[in-house]
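Residue-level structural notes
Next come the chains, spelled out residue by residue.
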Amino acid sequence: MPVESDNKFSLERAALLLALTETRQEENDLREHYTVQERITCGVTETGGTVAALQHTGKLTNSVLSTGLNTGVIHKDAKQIHALVHAALEASNSIFIHTNGNASFALKIGLTTDGDWLAVAIFGRSSLHPLSEHCRVGLGYMHL
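Notes on the structure follow. (Residues numbered from 1 in each chain as written. Predicted model: local features only at pLDDT ≥ 70, side-chain atom pairs only at ≥ 80, totals over all residues. Heavy atoms only, no water.)

Focus: the overall build of the protein
Secondary structure assignment for the protein yields five helices and four strands. The principal-axis extents of the C-alpha atoms in the protein amount to approximately 40 × 35 × 25 Å. Looking at the protein as a whole, 41% of its 144 residues are labelled buried. Taking as baseline every contact in the protein between residues at least 6 positions apart, the subset at least 24 positions apart corresponds to 63%. Carbon and sulfur atoms provide 51% of the accessible area of the protein, an area that totals close to 7900 Å². Averaging the coordinates of the 11 positive side-chain charges in the protein and doing the same for the 15 negative ones gives two points 6 Å apart. (Helix = DSSP H or I, 4+ residues; strand = E, 2+ residues; numbered from the N terminus. Buried < 20%, exposed > 50% of the residue type's maximum accessible area, 1.4 Å probe, protein only. Contact = heavy atoms within 4.5 Å. Areas by Shrake-Rupley, 256 points an atom, 1.4 Å probe, with all protein chains shown as cover. Lys, Arg positive; Asp, Glu negative; His and termini not counted. Charge placed at Lys NZ, Arg CZ, Asp CG, Glu CD.)

Observations concerning the pairing of strand S4 (residues 134-143)
Judged from the 10 bridges that link them, strand S3 (residues 117-127) and S4 form a sheet pairing that is antiparallel. The residue bridging Val-120 from the neighbouring strand is Gly-140, located in S4. Here S3 hands over to S4 after six residues, the two strands then running antiparallel side by side. (Pairing = 2+ DSSP bridges.)

A short note on the nonpolar core
Ranked by internal contacts, the top residues of the largest apolar core, which has 23 residues, are Leu-60, Phe-105, Leu-118, Val-120 and Ile-122. Ranked by residues supplied to this core, first place goes to helix H5 (residues 78-96) with seven residues. Apart from the residues within four sequence positions on either side, Ile-122 is in contact with Leu-60, Ala-88, Ala-91, Ser-92, Ile-95, Leu-107, Lys-108, Ile-109, Arg-136, Val-137 and Gly-138. One finds Leu-11, Tyr-34, Ile-40 and Cys-42 within the second-largest nonpolar core, a separate group that totals 12 residues. (Core = buried A, V, L, I, M, F, W, Y, C linked by side-chain atoms within 4.5 Å.)

Side note on H5
Taking 1.5 Å per residue as the helical rise, H5 with its 19 residues ought to reach 27 Å, and the 26 Å between its terminal C-alpha atoms agrees with that figure. Every buried residue of H5 is listed here: Gln-80, Ala-83, Leu-84, Ala-87, Ala-88, Ala-91, Ser-92, Ile-95 and Phe-96. Capping of H5 at its N-terminal end is provided by Asp-77; its side-chain oxygen lies 3.1 Å from the backbone amide nitrogen of Lys-79. A positive backbone phi angle near 55° is found at His-98, which sits one or two residues after H5. (Expected span 1.5 Å × (residues − 1). Polar contact = N/O pair within 3.5 Å; in protein donor to acceptor, adjacent residues only side chain to side chain.)

Now the structure itself:
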């Protein structure tokens, strides 16, 4: 299980670790640990496409929003929806900075909340060509 420095739990680290999971089993184990041991609500989703498909059509934001609602990370409340969208946009700023509009992305997104704060972490790969693939990471954190 994840090791937190000085045994201090962090929603941001939890969201990042969820986004970094490589298998469904690893993801499920981590979600269960956070739910039972830390009493937080988690969600994970994956999405991909070009910058234009993800950013300009709202595909990334819609994926985060539907995951947040479907997993109970947020409720159908204007302030919670606003906080989640804002955190997702903050996280995506690091993902889409200095990239070509034709670049392709494969992203995994971790969401965590303790009911007062929420974190959105995005980890993935981008490339214009398979030989130029590299990793990107972004994090957003907002008060509900």
